[in-house]
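# Fold and contact review
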Amino acid sequence: MSEQEFRKKLQRTMEGQFMQFDRFIIQKMGFHLEQDEQARTDAFHEFRKRTGREPIATMPTMRRWFGIGSFHIPTRENVIKMSFALSLEPEEAGEYLTRGLGEPYFQINDYLETLFLYGLEHHLSYDDCLNMAAVFEQNMEEELVFSGTKSTKDLLVSF
């Protein structure tokens, strides 16, 4: 196989795996940018309808997720909130993280993300999960301190 053939094959494979978040979310709302730019606005309105107008972020920020005006990638926390607002199953929420953001699936070593995964699995609300986290934190041993980093290098320095 020539290098050019390999590049074309790789490009075809990657096209279905990775895309910008605006294209991802527009597609998830049932629209395609190939139709026209109005698809961005229509997809945004569909998103607001499906989320029950939940204030996941500010209105200008959410519009930028769809590439309206400018472009902005949502944070991991925004995507998790979005998953609850859209009543997604854990697998689809994971797809929003992995294909939409290009980030890892729920981080089991992060107790808060583990609670969010549990909440999605059991159809709880985002606030219910935050309340569970607060109860957990209040009832843990006082000498136990959670690190705010996921960096192995930072964790090793603390020991």
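These numbers come from a predicted model, not from an experiment. (Residues numbered from 1 in each chain as written. Predicted model: local features only at pLDDT ≥ 70, side-chain atom pairs only at ≥ 80, totals over all residues. Heavy atoms only, no water.)

## Here we look at unusual backbone geometry
Rules: Runs of H or I in DSSP of at least four residues are treated as helices and runs of E of at least two as strands, each being numbered from the N terminus. For the exposure calls, accessible area comes from a 1.4 Å probe over protein chains only, and a residue counts as buried if that area is under 20% of its type's maximum, exposed if over 50%, partly exposed in between.
Of note in this structure, serine 87 is not a glycine but carries a positive phi near 55°. In this fold, serine 87 is placed in the loop between α5 (76-85) and α6 (90-101). Look at histidine 123: it is not a glycine, yet its phi comes out positive at around 60°. For histidine 123, a relative accessible area of 59% gives the class exposed.

## Considerations on the pattern of salt bridges
Heads up, the condition is: Only one rule defines a salt bridge in this text: a Lys or Arg side-chain nitrogen within 4 Å of an Asp or Glu carboxyl oxygen.
For the structure on display, the rule yields nine salt bridges. Ionic pairing is found between glutamate 92 and lysine 28, a salt bridge with its closest N-O pair at 3.5 Å. In this pair, glutamate 92 sits in helix α6 while lysine 28 sits in helix α2 (residues 21-28), placing the two residues 64 residues apart along the sequence. Its relative accessible area of 30% is what places glutamate 92 among the partly exposed residues. Taking the shortest distance from any N to any O, the salt bridge between lysine 28 and glutamate 95 comes out at 3.1 Å. Remark: glutamate 95 occurs in helix α6 and lysine 28 occurs in helix α2; sequence separation between them is 67 residues. Where salt bridges share partners, they join Lys28, Glu92, Glu95 and Arg99 into one cluster.

## Some remarks on the packing of aromatic side chains
Going by this rule: When two rings of Phe, Tyr or Trp (its six-membered ring) have centres within 6.5 Å they constitute a pair, described as stacked for plane angles under 30 degrees, edge-to-face for angles over 60, and tilted for the intermediate range.
Inspection of the entire model under this criterion finds 10 aromatic pairs. Ring geometry for phenylalanine 21 versus phenylalanine 24: centroids 6.0 Å apart, planes at 40°, classification tilted. Of this pair, phenylalanine 21 and phenylalanine 24 both sit in helix α2, three residues apart, roughly one helical turn. According to the relative accessible area criterion, phenylalanine 21 is buried, its value standing at 2%. The interplanar angle of 80° and the centroid separation of 6.4 Å between the aromatic rings of phenylalanine 47 and tryptophan 65 together place this pair among those described as edge-to-face.

## Observations concerning the side chain of aspartate 22
To be explicit about the condition: Any two residues whose heavy atoms approach within 4.5 Å are treated as being in contact.
Within the secondary structure layout, aspartate 22 lies in helix α2. Once residues within four sequence positions are removed from consideration, aspartate 22 is found in contact with Arg40, Trp65, Phe66, Gly67 and Phe71.

## A closer look at the nonpolar core
Selection rule: Here the nonpolar core consists of buried residues drawn from Ala, Val, Leu, Ile, Met, Phe, Trp, Tyr and Cys, with membership extended through side-chain atoms lying within 4.5 Å.
Counting 33 residues, the largest nonpolar core has Ile25, Met29, Phe47, Phe66, Met82 and Tyr96 as its most contacted members. Among the secondary structure elements, those contributing two or more residues to this core are α2, α3 (38-50), α4 (59-65), α5, α6, α7 (111-121) and α8 (126-139). Excluding anything up to four places from it in sequence, phenylalanine 47 contacts Ile25, Met29, Ile56, Met62, Trp65, Phe66, Met82 and Leu86.

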